[in-house]
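Coordinate analysis (summary)
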Amino acid sequence: MDKIIDKKWDYTLYKRGADLILSAVCGSVGIFEINVILTSSEVEEYKQNGTKYIETLVRKIQRTPSFYKSRHVEISHDTKK
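Residues numbered from 1 in each chain as written. Predicted model: local features only at pLDDT ≥ 70, side-chain atom pairs only at ≥ 80, totals over all residues. Heavy atoms only, no water.

1. Quick notes on helix H1 (residues 40-49)
Looking at H1, one finds that the buried residues are Glu42, Val43 and Tyr46. Down the axis of H1, the buried set is contained in an arc of 100°. They therefore lie on one face. Facing away from the buried side of H1 by over 90 degrees, the exposed positions are Ser40, Lys47 and Gln48. On its buried face, H1 is in contact with strand E1 (2-7), strand E2 (11-16), strand E3 (19-26), strand E4 (32-37) and helix H2 (51-63). Phi turns positive one or two residues past the end of H1, at Gly50, with a value near 60°. (Buried < 20%, exposed > 50% of the residue type's maximum accessible area, 1.4 Å probe, protein only. Helix = DSSP H or I, 4+ residues; strand = E, 2+ residues; numbered from the N terminus. Arc of directions from axis to C-beta. Contact = heavy atoms within 4.5 Å.)

The structure is reproduced here in structure tokens:
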């Protein structure tokens, strides 16, 4: 898995095969990550708008992580290197 964008304590965008996986850091007292595989429409938005779109999506995830919890995928910390 390759890191495309890495903003410490905020988010990381990974490429795993054909998938783009966004890992957003959420919480305030308790910190946790929500990892989502970008949908085809989200990938298109990223291609058109770049980092600006990713940061907008990260803020949405951080504001309402419960909305994205059903899309959460586990990422092995060994594969984050």
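From this point, things continue past the structure.
2. Describing the packing of H1 against H2
H2 packs onto H1 with a crossing angle of 135° between their chain directions and a minimal axis gap of 6 Å. Between H1 and H2, the interaxial angle falls into the category oblique. For the pair H1 and H2, the contacting residues are Glu42, Glu45, Tyr46 and Asn49 in the first and Thr51, Lys52, Tyr53, Ile54 and Leu57 in the second. Considering only residue class, the contact of H1 with H2 consists of 4 nonpolar, 2 polar and 3 charged. (Axes fitted to C-alpha atoms, helices over the stretch in contact; angles between N-to-C directions. Parallel < 35°, antiparallel > 145°, perpendicular 65-115°, else oblique. Nonpolar A, V, L, I, M, F, W, Y, C, P; charged D, E, K, R; others polar.)

Purely spatial values, then, with no claim about function.
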